[in-house]
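Descriptive structure summary
Below are the chains, spelled out letter by letter.
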Amino acid sequence: MLWQSVQPMGRVTAQLATGDQGMQWSGPQIWWWIIAVFTVGGAISTVTRRNNIAAVMSLVATFFGLAAMYAMLSAHFLAALQVLVYAGAIMTLFVFVIMVLNRDEAEPWAWSGIFTKIVGVFALVYLVTKVGYHLFGVAAAHPETPPAEFGTVAQVGEVLFTDYLFVFEAVSVLLLIAVVAAVVVARQRGGGGTDDDDASADITTTPAVGHSTGHEDHHS
Amino acid sequence: MIPIHWFLELAAVLFVVGSLGVILRRNALIMLMGIELQLNAANLTLVAFSRAYHDAHAQAFAFIVIAVAAAEAAVGLAILVGIFRNRRSVNVDELTIMKH
């Protein structure tokens, strides 16, 4: 309580308005911190791993943490969707592609383009510092517990199929186009026996261990 | 009672981590995962404001963002497979064929 009295008056009232009571944390707040550390740790692990599979598994952990965050925000439908679609479907797609590529990174970081990287990182830090400073002042308009049907499949579905019906249909068409485009882009060229060089070369050179580096030099 | 700006600050931190992955890493797969992190940070912001205003419209929007992210991941990974088949690499520093 002593540290509160030292601060200016507006700061204290702002903290009271958002529900903080000094250093005493309630149970949900402790859970929030545990899940937040889990989520951010998974995210940092994702972008620092050299092994691609380890990165994907860290990303799955991050998505589970985010699903828990959605549940804490009473968005239960989105929490289930996060686990099913993100941690289930999209990450499975990533794992399949990594199994196809099957190559770890020799050096994950390089000095090339360092000026652009420095400018990008500084711009990012400046932007987020500015935005994050103002985020501290955001208070909930309705801090009370939402009604029981908030965030359920019924309520989100009602909004989705009335106000956003056209958007919903457009997204379904977008997904169809994306699936067809993915098949067209990633298919073996020539469709089997009539291809010229690359598809058959893949099949013959992939099992030869140690041949790949020479192949790479040959191409570059 | 958890203040709503805690969730917003967490989303900002996740966005920074994802952006750093996109800017600093050279593996195109890790860059795609960084983009997924950025999209999820935006989704967390949408859901937090949905809870703050007791408004389900933002949750419908987050649903649409998830669907678009699925389409983005499918096309992006297909492009990566195509690039790897031709160039034997997913290192973005070596993909300079459009510079010459």
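These numbers come from a predicted model, not from an experiment. (Residues numbered from 1 in each chain as written. Chains lettered and ligands numbered in written order. Predicted model: local features only at pLDDT ≥ 70, side-chain atom pairs only at ≥ 80, totals over all residues. Heavy atoms only, no water.)

**Looking at the environment of V40(A)**
Heads up, the rule is: Secondary structure elements are taken from DSSP: a helix is a run of H or I of four residues or more, a strand is a run of E of two residues or more, and numbering for both begins at the N terminus. We call two residues in contact when some of their heavy atoms are within 4.5 Å.
Here V40(A) shows up in helix α3 (residues 27–48). Linking V40(A) and G65(A), residues 25 residues apart in sequence, is a C-alpha distance of 8.8 Å. In this structure V40(A) touches L10(B), V13(B) and L14(B), once residues within four positions along its chain are discounted.

**Remarks on the packing of aromatic side chains**
Note the following rule: Under the pairing criterion, centres of Phe, Tyr and Trp rings, with the six-membered ring standing for Trp, must be within 6.5 Å; the plane angle then separates stacked pairs below 30 degrees from edge-to-face pairs above 60, leaving the rest tilted.
Under the criterion given, the structure shown has 9 aromatic pairs over all chains. By way of ring pairs, the aromatic residues W32(A), W33(A), W6(B) and F7(B) are connected into one cluster.

**Brief notes about the environment of V68(B)**
Considering the arrangement of structural elements, one finds V68(B) in helix α3 (residues 57–87). Taking C-alpha positions, V68(B) is 9.7 Å from L39(B), a pair spaced 29 residues apart along the chain. Those residues in contact with V68(B) that lie beyond four places of it in its chain are V171(A) and L174(A).

**Let's talk about the interface of chain B and chain A**
Let me state the cut-off plainly: The term buried area denotes the loss of accessible surface (1.4 Å probe radius) that occurs when two parts are joined, taken as the sum for both partners. Salt-bridge detection follows one rule: a side-chain nitrogen of Lys or Arg within 4 Å of a carboxyl oxygen of Asp or Glu. In protein, a polar contact means a hydrogen-donor-capable atom and an acceptor-capable atom, both N or O and within 3.5 Å, with residues adjacent in sequence counting only if both atoms are side-chain atoms; elsewhere, any N or O pair within 3.5 Å suffices. Only Asp, Glu, Lys and Arg are considered charged in this grouping, and only Ala, Val, Leu, Ile, Met, Phe, Trp, Tyr, Cys and Pro are considered nonpolar; every other residue, Gly among them, is considered polar.
Each partner contributes to the interface: chain B provides 71 residues, whereas chain A provides 92 residues. Ranking the residues of chain B by area buried against chain A places W6(B), R85(B) and R88(B) at the top, with a combined share of 10%. Inspection of the chain B/chain A interface yields 0 salt bridges. Applying the counting criterion to the chain B and chain A interface returns 8 residue pairs in polar contact (both at pLDDT 80 or more). Per-element tally for the side of chain B that touches chain A: the top contributor is α3(B), with 22 residues. Of the residues contributing to the side of chain B that touches chain A, the split by class is 49 nonpolar, 12 polar and 10 charged.

**With respect to helix α5 (residues 76–101) of chain A**
Residues and elements named next belong to chain A. Selection criterion: Given the number of residues in a helix, its expected span is that number minus one, multiplied by 1.5 Å. The angle between axes fitted to the seven-residue stretch ending at a residue and the seven-residue stretch beginning at it gives the bend at that residue.
Helix length check: α5, at 26 residues, gives a terminal C-alpha distance of 36 Å against a target of 38 Å (1.5 Å per residue), a fit within 8%. For α5, the principal kink sits at M91 and spans about 30°. One or two positions beyond α5, positive phi appears at N102, with a value near 55°.

**Details of the packing of helix α7 (residues 153–162) of chain A against α3(B)**
Think of two packed helices as two axes; the pair is described by the angle between the axes and how far apart they sit. Our working definition: Axis definition: a line fitted to C-alpha atoms, over the contacting stretch in the case of helices. Angles run 0 to 180 degrees between N-to-C directions. Each angle gets one of four labels, with under 35 degrees taken as roughly parallel, over 145 as roughly antiparallel, 65 to 115 as roughly perpendicular, and the rest as oblique.
In the contact formed by α7(A) and α3(B), the axes pass within 9 Å of each other and the chain directions differ by 75°. Taken as axis vectors, α7(A) and α3(B) run roughly perpendicular relative to one another. Residue-level contacts link V156(A), V159(A) and L160(A) of α7(A) to H57(B), Q59(B), A60(B), F63(B) and I64(B) of α3(B). A breakdown of the residues in the contact of α7(A) with α3(B) according to their chemical character gives 6 nonpolar, 2 polar and no charged.

**Notes on the side chain of Q82(A)**
Note the following rule: Relative accessible area decides the class of each residue, using a 1.4 Å probe on protein chains only: under 20% of the type maximum gives buried, over 50% gives exposed, and in between gives partly exposed.
The topology assignment puts Q82(A) in helix α5. A relative accessible area of 0% means that Q82(A) is categorised as buried. Separated by 2.8 Å, the side chains of Q82(A) and N40(B) make a polar contact. Not counting the four nearest positions on each side in its chain, Q82(A) is found in contact with F63(A), L66(A), A67(A), Y70(A), A87(A), N40(B) and I66(B).

**Notes on the nonpolar core**
Convention followed: By nonpolar core is meant a set of buried Ala, Val, Leu, Ile, Met, Phe, Trp, Tyr and Cys residues that side-chain atoms within 4.5 Å join together. The split of the chain into domains comes from an automatic or database domain assignment.
With 69 residues, the main nonpolar core has L78(A) and F94(A) as its most contacted residues. The residue makeup of this core includes at least three contributed by each of domain 1 (26–104) and domain 2 (147–188) of chain A.

**Section: the packing of α5(A) against α3(B)**
Across the interface, α5(A) lies against α3(B) with an axial gap of 10 Å and an inter-helix angle of 0°. As judged from the angle between their axes, α5(A) and α3(B) are roughly parallel. Contacts between α5(A) and α3(B) involve F77(A), L78(A), L81(A), Q82(A), V85(A), Y86(A), I90(A), L93(A), F94(A), V97(A) and L101(A) on the former and, on the latter, Q59(B), A62(B), F63(B), I66(B), A69(B), A70(B), A73(B), A74(B), L77(B), V81(B) and F84(B). The residue makeup of the contact of α5(A) with α3(B), split by class, is 20 nonpolar, 2 polar and no charged.

**Some words on the confidence of the model for chain A**
Residue and element names in this part refer to chain A. What counts, and what does not: Scored from 0 to 100, pLDDT reflects the predictor's confidence in each residue.
For chain A, the mean per-residue pLDDT works out to 77, and 73% of the residues sit at or above 70. In this model, residues 1–17 is a region of pLDDT below 50 whose contacts with residues beyond four sequence positions or in other chains number 9 contacts. Per-residue pLDDT stays below 50 along residues 192–220; that stretch engages in 17 contacts with residues further than four places along the chain or on separate chains.

**Observations concerning unusual backbone geometry**
Of note in this structure, S74(A) is not a glycine but carries a positive phi near 65°. Examined against the element boundaries, S74(A) turns out to sit in the loop between α4 (52–72) and α5. Take S74(A): its relative accessible area is 15%, and that puts it in the buried class. You will see that H54(B), though not glycine, has its phi angle at about 50°, which is positive. Among the secondary structure elements, H54(B) is positioned in the loop between α2 (28–53) and α3.

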